Amino acid sequence: MLDIDVVGDRVLASVERGDISLVVEAPAGTSAEELKQTLSGVPESIEQTTERFAATTTMSDDTTDTDGSTDFDDTADGVGGGA
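Residues numbered from 1 in each chain as written. Predicted model: local features only at pLDDT ≥ 70, side-chain atom pairs only at ≥ 80, totals over all residues. Heavy atoms only, no water.

With respect to the overall build of the protein chain
What counts is decided by this rule: In this text, helices come from DSSP runs of H or I with a minimum length of four residues, and strands from runs of E with a minimum of two, each type numbered from the N-terminal end. Relative accessibility decides the category of a residue: with a 1.4 Å probe and only protein chains considered, values under 20% of the type maximum give buried, values over 50% give exposed, and everything between is partly exposed. When checking whether two residues touch, look at their non-hydrogen atoms; a contact exists if any pair is within 4.5 Å. All accessible areas in this document rest on Shrake-Rupley with a 1.4 Å probe, and a residue is counted as covered only by the protein chains that are shown.
From N to C terminus, the protein chain includes 2 helices and 3 strands. Helices and strands appear in the protein chain in the N-to-C order β-β-β-α-α. Counting across all 83 residues of the protein chain, residues that qualify as buried make up 4%. Sequence separation of 24 or more characterises 0% of the internal contacts of the protein chain that already satisfy a separation of 6 or more. Looking at the protein chain as shown, the accessible area adds up to about 7600 Å², and 54% of this sits on carbon and sulfur atoms.

Quick look at the pairing of strand β3 (residues 20–27)
The following threshold applies: Strands qualify as paired when DSSP identifies two bridges or more between them.
The pairing of strand β2 (residues 10–17) with β3 spans 8 bridges and is antiparallel. Bridge pairing in β3 places Val15 opposite Leu22. Between β2 and β3, which pair antiparallel in sequence order, lie 2 residues; one of them, Gly18, sits at a positive phi of approximately 65°.

Some remarks on the sheet that holds β3
Spelled out, the test is: Between the N-to-C directions of two axes lies an angle of 0 to 180 degrees, each axis being a line fitted to C-alpha atoms and, for a helix, fitted only over the stretch in contact.
Pairing is antiparallel across the open sheet formed by 3 strands, whose spatial order is β1-β2-β3. Edge positions in the sheet fall to β1 (2–7) and β3, since each of these pairs with one other strand and no more. Recorded for the sheet is a direction-independent mean angle of 10° between the axes of neighbouring strands. Judged from the 6 bridges that link them, β1 and β2 form a sheet pairing that is antiparallel. Counted as the bridge partner of Asp3 is Ser14 from β2.

Let's talk about the side chain of Ser14
With respect to the secondary-structure elements, Ser14 resides in strand β2. If sequence neighbours within four positions are ignored, Ser14 has contacts with Met1, Leu2, Asp3, Leu22 and Val23.

With respect to a nonpolar patch on the surface
Put simply, the test is: The residues that make up patches have over 30% relative accessible area and no salt bridge, and they are joined within 9 Å when like-charged or within 5 Å when they are Val, Leu, Ile, Met, Phe, Trp or Tyr. A pairing counts as a salt bridge when a side-chain nitrogen of Lys or Arg comes within 4 Å of a carboxyl oxygen of Asp or Glu.
A surface patch of nonpolar side chains, amounting to about 320 Å² of accessible area, comprises Leu2, Ile4 and Val6. Residue placement: Leu2 occurs in strand β1.

Describing the pattern of salt bridges
Scanning the entire structure with this criterion turns up 1 salt bridge. With its nearest N and O atoms 3.3 Å apart, the salt bridge here joins Glu25 to Arg10. In this pair, Glu25 sits in strand β3 while Arg10 sits in strand β2, placing the two residues 15 residues apart along the sequence. Arg10 sits in the partly exposed class, given a relative accessible area of 32%.

Some words on the environment of Leu2
When its relative accessible area of 58% is taken as the criterion, Leu2 is described as exposed. Counting along the chain gives 21 residues from Leu2 to Val23, while the straight-line C-alpha distance between them is 9.9 Å. In this structure, Leu2 is in contact with Ser14 and Val15, ignoring residues within four places of it in sequence.

In structure tokens:
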């Protein structure tokens, strides 16, 4: 599906094919060649970034776990409360 909207001096184009969506905003009147040059390398960059994130470890599902490294006493005298 291709959807193009022109608002003032800007054009917003969105494309959906299967699970992939792409949105591009550009000045109205931008040539197809200029868009092609601007977007060259985007698929490769997406692939490289995805591979980098896939190679990193993810945060635990249980974000309530603590190792004690950030524990602190939020009161000056350690007793707590009031003025």
